[in-house]
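Coordinates in review
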Amino acid sequence: VGVAQVINKKNEEGPFTANDEKIFERYLTFCGIGITNALLFQSSVIMYKRSDSLVLLAHYIFEEQRDMNRLLRRVLKKGCEMFNSTGCRILLADCVDSEPLIV
């Protein structure tokens, strides 16, 4: 929902006419279409970035299978970037002794 207002018609031509209102209404229809398109584009950019990040994480997992510390650090760093956060934590529980490993 949006609100638009025009005030004070220039050149002292009197009040806005019914024709002025019709033109303004049509103008607002195009404004609404433009705003909707901009929101859809913004949403698609965000989804693309998330998808790209997930593909990169999958790449990290396959690339770093021999070095757990390096893999976890890369995953944590990417997690912070994806969620625009100052920190990220992974909790791993060992099934044998149930002691968590916090990285």
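My aim in this report is to walk through the structure given alongside it, one point at a time. (Residues numbered from 1 in each chain as written. Predicted model: local features only at pLDDT ≥ 70, side-chain atom pairs only at ≥ 80, totals over all residues. Heavy atoms only, no water.)

1. Quick look at the side chain of S53
Which entries qualify depends on this criterion: Segments assigned H or I by DSSP are reported as helices when at least four residues long, segments assigned E as strands when at least two residues long, and all are numbered from the N terminus. In this description, contact between two residues means that some pair of their heavy atoms is separated by no more than 4.5 Å.
Its place among the elements puts S53 in helix α1 (residues 18-63). If near-sequence neighbours (up to four positions away) are discounted, S53 is found in contact with K78 and M82.

2. Focus on the pattern of salt bridges
Worth spelling out the cut-off: Salt bridges are defined by distance alone: a side-chain nitrogen of Lys or Arg within 4 Å of a carboxyl oxygen of Asp or Glu. Relative accessibility under 20% of the residue-type maximum defines a buried residue, over 50% an exposed one, and the middle range a partly exposed one, all with a 1.4 Å probe and only protein chains included.
Under the criterion given, the structure shown has two salt bridges. One salt bridge in this structure joins D20 and K9, with 2.6 Å as the shortest N-O distance. Taken as a pair, D20 in helix α1 and K9 in the segment before α1 lie far apart in primary sequence, 11 residues in all. What makes K9 partly exposed here is its relative accessible area of 24%. A salt bridge links K78 to E81; the shortest N-O distance between them is 3.2 Å. Of this pair, K78 and E81 both sit in helix α2 (residues 68-83), three residues apart, which is roughly one turn of the helix. Given a relative accessible area of 14%, K78 falls into the buried group. With relative accessibility at 46%, the residue E81 sits in the partly exposed group.

3. A few points about the packing of α1 against α2
To keep things clear, this is the line we draw: The axes are straight lines fitted to the C-alpha atoms, using for helices just the contacting stretch, and the angles between their N-to-C directions are given from 0 to 180°. Angles below 35 degrees are treated as roughly parallel, those above 145 as roughly antiparallel, those between 65 and 115 as roughly perpendicular, and all remaining angles as oblique. When residue character is reported, Ala, Val, Leu, Ile, Met, Phe, Trp, Tyr, Cys and Pro are called nonpolar, Asp, Glu, Lys and Arg charged, and the others, Gly included, polar.
Taken N-terminus to C-terminus, the directions of α1 and α2 make an angle of 175 degrees; their axes are 10 Å apart at the nearest point. Accordingly, the angle class assigned to the pair α1 and α2 is roughly antiparallel. Across the interface between the two elements, S53, L54, L56, L57, Y60, I61 and E63 from α1 touch L71, R74, V75, K78 and M82 from α2. Split into classes, the residues belonging to the contact of α1 with α2 amount to eight nonpolar, one polar and three charged.

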